[in-house]
2 protein chains.
Amino acid sequence: MPKIRSIAPCNELNTSSMNAPTQPEAAFSIAAVERDTGLAKDTLRVWERRYGFPAPSRDANGERLYPTEQVEKLRLIRRLIDHGRRPAGIVGASVQELSEMLDGCLCPNVSATGRCDDGLLELVRLHRSAELAAALRQTLLKQGLQRFVADTIAPLAAAVGEAWMRGEVDVAEEHLFTEQVQNVLRGAIGTHAANGGRPRVLLTTFPEEEHVLGLLMVEAMLVPEGASCLSLGTRTPLADIRSAAMSGGFDIVGLSFSIAYPARQAIDGLLALREMLPPALDIWAGGAAVRDKQKRLPGIQVVGGLDDTLAALQDWRTRHP
Amino acid sequence: MPKIRSIAPCNELNTSSMNAPTQPEAAFSIAAVERDTGLAKDTLRVWERRYGFPAPSRDANGERLYPTEQVEKLRLIRRLIDHGRRPAGIVGASVQELSEMLDGCLCPNVSATGRCDDGLLELVRLHRSAELAAALRQTLLKQGLQRFVADTIAPLAAAVGEAWMRGEVDVAEEHLFTEQVQNVLRGAIGTHAANGGRPRVLLTTFPEEEHVLGLLMVEAMLVPEGASCLSLGTRTPLADIRSAAMSGGFDIVGLSFSIAYPARQAIDGLLALREMLPPALDIWAGGAAVRDKQKRLPGIQVVGGLDDTLAALQDWRTRHP
DNA sequence: TGATCCAGTTTGTCCTGGACAAACCAGGGG
DNA sequence: CCCCTGGTTTGTCCAGGACAAACTGGATCA
């Protein structure tokens, strides 16, 4: 099983542990880098062979030790590849240049998502979790669930995601945000008693996708419309999606794909799922990875944004009176 | 990055796609098996070399193709290893024998956790999500949050976990259960307004641990006592736990470890974290992986069960009047 | 009895260097 | 404009060797 040899950064000089607020020469094993960057061990080795980067030092036993700054740079490269760049063209660039490229990639997104509440984003940055939770609940009450999701949570999630890509928020802040939003949304969803209304929708993600907020936002849009949603959470194998969908009398299966999900894999998986399910069962796919891919996804309803979810629901109800 | 070449089981004969409700000779790539079993690619290859199992066939390109039944057997073996068995002694056994060994491992657990509500477990098995959610909420109202968690959710989670190990519930059923419990617990936790009470507790898990229910149960036990809990969810790197704990004025950091978490890794990580944090900051560790490990964890409070959480809280308050 | 130590064995992870198919790109025809 | 086609890039897989950490089963000591 994929055991990690060492959780903490390895450091040959960490015998002096008392006065080291941040490790000066921390270095990570290849397994730790795989976990932190999402780049497979094989990929890390083959990049080193081909491009000369990363260039880790070695420990006494000849095993790679990646210094912190190389891991940071790998993270930036990973983000750029998610945005369509290719390794050969960017591994040689400096951290400075990579950051500028990321800004270039992100600006169109910022303008597309529009303004988001900077006050809430600031609460995330300051770790003010209690205030964040209170502010979210207050906004929810003021706006109602659907507008809250579409106008507040979605832009805020996009802003946090972008800040995370730029390295402006850290893991803890991103987790804090996700947890607080989950608490609020799940509480709100739970207050809507399941009434057995149609359509019956099964929501989940493919096994490699672990972002849950997309699913929750869709559920929050559909439940007030009287649809019956069942979420399986993230990371459900294809075969289990199939068996769950067949056994529950569902009308629609909804899949969510974050921006980091490889588009090709999403398309392959969706087409495979389409083959497995009866044609009467609709498949909806949403999220950044499948946006604008409708023409490559025959038989599948691509939902571009949260508002389109409601349009798709209307459409389904028109076709099934 | 760890791209998966094919999500669906590969099948050399799947040109006839119309009449194949379940693939007769489905076979999985090594990456798919890694994902499904949690056994690293390197481990799968070295087992084949050393023990002669698994013994995958090869495709036209010489790459391994694992048939379904071998993947099933690997899953059983993985469970037994999580329970302390070692590969050499069990890879030769039949599926039948492996199942019996699992029964032997599980019986003591069943007796230890005591009876759980079979009605709720049955709802999980039947995919009756709406009824499950309603029954959970009703039980919550009747018992109150703390007794609900300790007497209903904890035994139920243990029962689902055991049934999952035996293969009696599938991925979808386990996900459904987790989602519904999350909805109920997060809703209940959210109704307790954060009042800034002491102690302030930071809750999370190490990066390889993705089970979230343990955290939620602890939070549900502490919040009614007036403690201020902040959960970062699962999979937080050690360095980020440290920075979050230092910046928020916390009194306690709580970590949760499921039964599948390697005990050695938990101990190493906890001791490393203990070094990183100021001594005045308490560390609490709970879950099956650290039970009975108190003597190997100096400076760390091992919390044996949910009820012990309350005892530990009392203890903390006595020491900090 | 129970804890601690020690040789021997088991086991997971990492290494090198080679190979190849799928994805991507650029440049013509239709 | 779209579709095909040949060359390049890129991620993943393979084999087989190596080694440190973890475990086992005894022997020793309190």
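No experiment lies behind these values; they were computed from the predicted model shown.

The helix and strand inventory of chain A stands at 13 helices and eight strands. Looking at chain A as a whole, 40% of its 321 residues are labelled buried.

Moving on to the sheet that holds strand β1 (residues 27-28) of chain A. Residues and elements named next belong to chain A. The strand order across the open sheet built from three strands is β1-β3-β2, with neighbouring strands paired in antiparallel fashion. Either end of the sheet is taken by a strand with one partner, and the two such strands are β1 and β2 (57-58). The pairing of β1 with strand β3 (residues 64-67) spans two bridges and is classified as antiparallel. Within β3, the residue paired with Ala 27 across the bridge is Pro 67. Across the sheet, helix α3 (residues 68-82) lies against β1 and β3, angled at about 75 degrees from β3, the strand it touches most.

Residue and element names in this part refer to chain A. The strand order β5-β4-β6-β7-β8 describes an open sheet built from five strands, whose pairing is parallel. Two strands lie at the open edges of the sheet, namely β5 (228-231) and β8 (301-303), each paired on one side alone. Direction aside, neighbouring strands of the sheet carry axes that sit 25 degrees apart on average. Sheet analysis places strand β4 (residues 200-204) next to strand β6 (residues 252-256), joined by four bridges and oriented parallel. Residue pairing across strands places Leu 203 opposite Gly 254, the latter belonging to β6.

Looking now at the relation of the copies chain B and chain A. Mapping chain B onto chain A leaves a residual RMSD of 0.2 Å; the transformation is a rotation of 180 degrees accompanied by 0.0 Å of translation along its axis. The symmetry that links the two subunits is that of a two-fold axis. Distance from the rotation axis, computed per C-alpha, reaches its smallest value in chain B at Gly187(B): 2.0 Å. Looking at chain B, 100% of its interface residues are interface residues in chain A too, so the copies touch through the same face.

Let us now look at the environment of Arg86(A). All names here are of chain A. Counting through the fold element by element, Arg 86 comes out in the loop between α3 and α4 (87-90). For Arg 86, a count of 9 C-beta atoms within 10 Å gives the class exposed. Through-space distance from the C-alpha of Arg 86 to that of Lys 142 is 45 Å; in sequence the pair is 56 residues apart.

So, about helix α11 (residues 238-247) of chain A. Considered for burial, the residues of α11(A) that qualify are Ala239(A), Ile241(A), Arg242(A), Ala244(A) and Ala245(A). On its buried face, α11(A) is in contact with β4, β6 and α12 (263-276) of chain A together with α9 (171-191) of chain B. Where α11(A) ends, the next residue or the one after it, Gly249(A), has phi of about 65 degrees, a positive value.

Moving on: the confidence of the model for chain A. All names here are of chain A. Per-residue confidence for chain A averages 84 on the pLDDT scale, and 88% of its residues sit at or above 70. No element of chain A has a lower mean pLDDT than helix α5 (residues 95-113), at 69, and none a higher one than helix α10 (residues 213-222), at 97. Per-residue pLDDT stays below 50 along residues 1-24; that stretch engages in 39 contacts with residues further than four places along the chain or on separate chains. Low pLDDT, under 50, characterises residues 109-113; the predicted model gives this stretch five contacts beyond four residues in sequence or across chains.

Quick look at helix α10 (residues 213-222) of chain B now. Across the ten residues that make up α10(B), a large majority, ten, are buried. Along α10(B), the residues that are buried comprise Leu213(B), Gly214(B), Leu215(B), Leu216(B), Met217(B), Val218(B), Glu219(B), Ala220(B), Met221(B) and Leu222(B).

Residues and elements named next belong to chain A. With two bridges connecting them, β2 and β3 associate as antiparallel partners. Counted as the bridge partner of Ser 57 is Leu 65 from β3. In this structure, the hairpin formed by β2 and β3 is closed by a connection of five residues, where Gly 62 is found at a positive phi of approximately 80 degrees.

Listed as interface residues are 54 residues of chain B and, on the opposing side, 54 residues of chain A. When residues in the side of chain B that touches chain A are grouped by element, the largest group, 13 residues, is from α9(B). Its residues assigned to classes, the side of chain B that touches chain A shows 24 nonpolar, 19 polar and eleven charged.

It is worth spelling out the nonpolar core at this point. Soluble globular proteins tend to pack their nonpolar side chains together in the buried interior. Ala220(A), Ala285(A), Ala220(B) and Ala285(B) are the most contacted members of the largest nonpolar core, which has 136 residues in total. If sequence neighbours within four positions are ignored, Ala285(B) has contacts with Leu255(B), Phe257(B), Leu270(B), Val290(B), Leu297(B), Ile300(B), Val302(B) and Val303(B).

For the rest of this paragraph, the subject is the environment of Thr309(B). Residues and elements named next belong to chain B. Examined against the element boundaries, Thr 309 turns out to sit in helix α13 (residues 306-319). By the C-beta count within 10 Å, which is 25 here, Thr 309 ends up buried. Not counting residues within four places of it along the chain, the set of residues in contact with Thr 309 comprises Val 218, Met 221, Leu 222 and Val 303.

Let us look at the pairing of β4(A). All names here are of chain A. β4 sits mainly inside the fold: four of its five residues count as buried. Of the pairings in the sheet, the one linking β4 to β5 comprises four bridges and is parallel in character. Residue Val 201 lies in a different strand from β5, and its bridge partner there is Cys 229. Between β4 and its parallel partner β5, the chain crosses via α10, and the hand of that crossover is right-handed.

What follows is about the packing of α9(B) against α10(B). Residue and element names in this part refer to chain B. Look at α9 against α10: their axes get within 10 Å of each other, and the N-to-C directions meet at 25 degrees. It follows that α9 is roughly parallel to α10 by the angle criterion. Remark: the crossing between α9 and α10 carries left-handed chirality. In contact with Thr 178, Val 181, Gln 182, Leu 185, Arg 186, Ala 188 and Ile 189 of α9, α10 contributes Leu 213, Leu 216, Glu 219 and Ala 220.

Our next topic: the environment of Glu131(B). Mapped onto the fold, Glu131(B) is located in helix α7 (residues 129-143). Separated by eleven residues in sequence, Glu131(B) and Leu120(B) have C-alpha atoms that sit 9.1 Å apart.

Reading the values: the criteria
- Residues numbered from 1 in each chain as written.
- Chains lettered and ligands numbered in written order.
- Predicted model: local features only at pLDDT ≥ 70, side-chain atom pairs only at ≥ 80, totals over all residues.
- Helix = DSSP H or I, 4+ residues; strand = E, 2+ residues; numbered from the N terminus.
- Buried ≥ 20, exposed ≤ 12 C-beta atoms within 10 Å, placed from the backbone.
- Pairing = 2+ DSSP bridges.
- Contact = placed C-beta atoms within 7 Å.
- Axes fitted to C-alpha atoms, helices over the stretch in contact; angles between N-to-C directions.
- Least-squares fit on C-alpha atoms with pLDDT ≥ 70 in both.
- pLDDT = per-residue confidence, 0-100.
- Nonpolar A, V, L, I, M, F, W, Y, C, P; charged D, E, K, R; others polar.
- Core = buried A, V, L, I, M, F, W, Y, C linked by C-beta atoms within 7 Å.
- Right-handed = clockwise from strand over helix to strand, strands pointing away.
- Parallel < 35°, antiparallel > 145°, perpendicular 65-115°, else oblique.
- Left-handed = near helix turned anticlockwise from the far one by under 90°.

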